[in-house]
Amino acid sequence: MKNIKPYPTEEELPPIQTVNEVDFSAYYSYADYMRFEFEERLEIIKGRIFSMSPGPNRIHQKISGQIFGPIYNVLKGHQCEVYSAPFDVRLAKKTQADKEVFTVVQPDIVVVCDQSKLDNRGCIGAPDIVVEILSPGNNKKELINKYEVYEEAGVKEYWIVSPEDKSFFRYILDDQGKFQPTKLLTVGEEVTTSILPGLTLVLEEIFED
């Protein structure tokens, strides 16, 4: 009787070394994501792969820093922590097993107040605040899908920042677990949140160039 070699486990599957090896029509998990060994940044949303836009431009990075800095300063001595991309956020629906996680995103900024959600690979579970700074390459389908997964996961506040329009928009999770839109803010206005008492983002400073 011939020896039949068993099908390799996920741990034994070869690494994916170039983005050309990725089948964008296939369904992927975080276990697959961990096999990626190329420099291009990808996200997985509901099992589907999305290419992230090319490296953020200067304005994008400056706005990110102008938001990150005040949050970092107000968190000194606080249990919440703030991280900026690249930082993996795994949003599990059933279990936290790598092969059962089908959404892995890299928001521009996240605030996580539950220390148990943090590990050496990033965040497993919903951050308290997710900040996405729009880029010309943002895909509308991607943004819709992110809205859905952030809401389903229980992200308390989802901030969308548009450098082009100099606008700042927030969705706040209500008691029924649904995002409620807030007023669109722009230069001349300020942003505060009950999640981070003492934080005030002055939009004139955020969008200053």
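Here we summarise the structure given alongside this text. (Residues numbered from 1 in each chain as written. Predicted model: local features only at pLDDT ≥ 70, side-chain atom pairs only at ≥ 80, totals over all residues. Heavy atoms only, no water.)

## Some thoughts on the overall build of the protein chain
What counts here: Helix and strand assignments follow DSSP, with helices taken as H or I runs no shorter than four residues and strands as E runs no shorter than two, numbered in order from the N terminus. Throughout, the radius of gyration refers to the C-alpha atoms, and the reference size of a globule is 2.2 Å times the residue count to the power 0.38. For every residue, the accessible area (1.4 Å probe, protein chains only) is compared with the maximum for its type, and the residue is labelled buried under 20%, exposed over 50%, or partly exposed between those bounds. Contacts are residue-level and defined by heavy atoms, with any inter-residue pair within 4.5 Å sufficient. Methods summary: accessible areas were calculated by the Shrake-Rupley approach with a probe of 1.4 Å, and residue burial reflects only the protein chains presented. For the charge count, each Lys or Arg is scored as positive and each Asp or Glu as negative, with His and the chain ends excluded. Positions of charges follow a simple convention, taking NZ of Lys, CZ of Arg, CG of Asp or CD of Glu.
The helix and strand tally for the protein chain stands at 4 helices and 15 strands. Here the C-alpha atoms of the protein chain give a radius of gyration of 19 Å, agreeing with the 17 Å that 2.2 N^0.38 yields for 209 residues. Principal axes of the C-alpha set define a box for the protein chain whose edges measure 80 × 30 × 30 Å. Here the protein chain holds 209 residues, and 42% of them are scored as buried. Taking all contacts inside the protein chain whose residues are at least 6 apart in sequence as the whole, residues at least 24 apart take part in 52%. Just so you have it, the protein chain exposes about 12,000 Å², and 49% of that area is on carbon and sulfur atoms. Taking the average location of the 23 positive side-chain charges in the protein chain and that of its 34 negative ones, the two points are 4 Å from each other.

## Topic: the packing of aromatic side chains
Condition: Within 6.5 Å between ring centres, the rings of Phe, Tyr and Trp (the latter by its six-membered ring) count as paired, and their orientation is classed by plane angle as stacked under 30 degrees, edge-to-face over 60, tilted in between.
In this structure the tally under the stated criterion is 14 aromatic pairs. Residues Tyr-30 and Tyr-33 carry aromatic rings whose centres are separated by 5.7 Å and whose planes lie at 25° to one another, so their mutual orientation is stacked. One end of the pair, Tyr-30, and the other, Tyr-33, are both in helix α1 (residues 30-33), 3 residues apart, so they sit about a helical turn from each other. For the pair Tyr-30 and Tyr-33, one class covers both residues: buried. Each ring, one from Tyr-83 and one from Phe-87, has its centre 4.4 Å from the other, and the planes form 5°; the classification is stacked.

## Considerations on the pattern of salt bridges
Test applied: Any Lys or Arg side-chain nitrogen located within 4 Å of an Asp or Glu carboxyl oxygen qualifies as a salt bridge.
This structure, assessed with the given rule, holds 12 salt bridges. Note that Lys-62 and Asp-209 form a salt bridge whose closest N and O atoms lie 3.7 Å from each other. In this pair, Lys-62 is assigned in helix α2 (residues 58-74) and Asp-209 in the segment after α4 (203-206), connecting sequence segments 147 residues apart. By relative accessible area, Asp-209 is classed as exposed at 59%. Here Lys-156 makes a salt bridge to Asp-128, at a shortest N to O gap of 3.3 Å. Here Lys-156, found in the loop between α3 (140-153) and β10 (157-162), pairs with Asp-128, found in the loop between β8 (122-124) and β9 (129-133); they are 28 residues apart in sequence, far enough to count as distant. Residue classification places Asp-128 among the buried residues on the basis of a relative accessible area of 8%. One continuous salt-bridge network, built from bridges that share partners, spans Glu-43, Glu-132 and Lys-146.

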